[in-house]
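Spelled out from the first residue to the last, the chains are:
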Amino acid sequence: MKSFYASCSAVMRGLDPMECYLAVVGNKEQPGSIVLAASPKLKKEFGIKSASSRLFNIPNDHRIHVVEAQMSTYLQISTELIKIFNKYAPMEDIHVYSVDESFIKVDGLKHIFGDTKTIAHMIKNEIFENFGLPCTIGIGPNMLMAKLALDLESKKAKNGIAEWTYEDVPTKLWPVSPLREMWGIGRRLEKRLNGMGIFSVGALAKYDLKLLEKEFGIMGNQLYHHAWGVDLSELGAPIIEGQISFGKGQILLRDYKEEHEIKIVILEMCEEVARRARASKKSGRTISLGIGYSDSDFGGGFHRSYTMEEATNVTMTIYQVCLKLFDKFYSGKNVRQITITLSNIVNDSNLQLNLFEPNKAKLHDLGYVVDKIRDKFGSASILRAVSFTEAGTSLKRSALVGGHKA
């Protein structure tokens, strides 16, 4: 969907999503509130960007509409859009990637609706006729190619639709640089590839496969084949094997200056990360902590990881590792952003019992019991005592949807 939150808010106000100047923020009363979405014209003419601009960056211009997020409404609209997709494909062939992106497998539907571009136009038109929302569509022989066509071409195309085939790989995919523009490659992976002299997808495609496998293991094999447009994963599978992780990032509503307050938020976030892992019956060996300093201290921060011998999804185990990383690398500045990630994932059934840690299994099982209570009675039904302090954020955030006002 084209600037989904902004487009929904525009239509709800009788505005044209493609012509109006509109920004969606989390809280209009907080000058530092992040811009969650900006209409295309606001992005283009005022340089306001989603997820990086803040409320105080928006010019005082009478043409600009600043509205608060209505997450429940956005989710309801997203659900209605899925119903439209379901007219063209069975639910098992629809993968909801995010609130504003889905993959639809249309194999075998040509004799019913026409070729892939015809189906794309039908879906695009029906979304606009029913909701007044603009959308873009990427078409490809697999998830990877469809996503690349969407991100790299259809968003710039006049009709909002682009189709990539394997024949397009040398001319459309290989010139892509920097590497992070390719779906599945983040900044850290890009940095490692750059260190190997790989700065474009074409260079990745022509790199020695054995050297990539030596450096990255199975992920090196997948990176190589993705550079050729080859993706054999099933609909909805992670784009890179081994990239599954469970994480949480939070931009704090104020500067946190005291260490004990920062550690309270870290504990709350460890609880949520562990809960997400348990919900998928997974555990992880690598724990990462990221701390972003306030602009009042000229920004900066650190991101460090620690890998344990045994995987875990126990809150306090993750927390203790985060504390060690925090105590080692924290420089005493004001904190405004915290991220915690659990990666190097394995199935939770691989839990190893240790005679010298009799409480390990109890803590493991206790986590699942608490999760069941929260699932039934709400996230705020059981909270740690620290969440009721001034520094705690979980109690306030439990009333939000997607971290924002409903």
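Residues numbered from 1 in each chain as written. Predicted model: local features only at pLDDT ≥ 70, side-chain atom pairs only at ≥ 80, totals over all residues. Heavy atoms only, no water.

The name an unreviewed UniProt entry assigns to the protein is UV damage repair protein UvrX, from the organism Heyndrickxia camelliae.

Draft legend 1. Here's a closer look at the pairing of strand E11 (residues 335-347). Two strands pair when backbone bridges link them, and strand E8 (residues 246-256) and E11 are joined in this way by seven bridges, in the antiparallel orientation. Looking at the pairing, Phe-246 lines up with Leu-342 of E11. Summarising the sheet, strand E9 (residues 282-293) and E11 pair through 11 bridges and their orientation is antiparallel. Bridge pairing links Ile-287 to Leu-342 in E11. (Pairing = 2+ DSSP bridges. Helix = DSSP H or I, 4+ residues; strand = E, 2+ residues; numbered from the N terminus.)

Draft legend 2. Examining the UniProt feature "domain: UmuC" (unreviewed entry) in the protein more closely. As annotated by UniProt and renumbered to match this structure, "domain: UmuC" (unreviewed entry) occupies residues 1-186. Helix makes up 38% of residues 1-186 and strand 16%, and the two end C-alpha atoms of the span are 22 Å apart. (UniProt positions renumbered as here; feature names shortened; annotations may be inferred.)

Draft legend 3. View of the side chain of Asp-231. Tracing the sequence through the fold places Asp-231 in the loop between helix H11 (218-226) and E8. A distance of 3.3 Å separates the side chain of Asp-231 from the backbone nitrogen of Leu-144, its partner in a polar contact. (Polar contact = N/O pair within 3.5 Å; in protein donor to acceptor, adjacent residues only side chain to side chain.)

Draft legend 4. Seen up close, the pattern of salt bridges. Going through the model one piece at a time under the given rule, you end up with 17 salt bridges. A salt bridge links Glu-45 to Lys-41; its shortest N-O distance comes to 3.7 Å. Here Glu-45 pairs with Lys-41, and both are found in helix H2 (residues 40-46), just four residues apart, close to one helical turn. A relative accessible area of 44% means that Glu-45 is categorised as partly exposed. Taking relative accessible area as the criterion, Lys-41 reaches 22% and is therefore assigned partly exposed. Residues Asp-151 and Lys-147 are paired through a salt bridge, measuring 3.4 Å at the closest nitrogen-oxygen approach. Remark: Lys-147 and Asp-151 occur in helix H6 (residues 143-154); sequence separation between them is four residues, near one turn of the helix. Judged by relative accessible area, Asp-151 falls into the partly exposed class, the value being 22%. One connected set of salt bridges, linked through shared partners, spans Glu-101, Lys-147, Asp-151 and Lys-155. (Salt bridge = Lys/Arg side-chain N within 4 Å of Asp/Glu carboxyl O. Buried < 20%, exposed > 50% of the residue type's maximum accessible area, 1.4 Å probe, protein only.)

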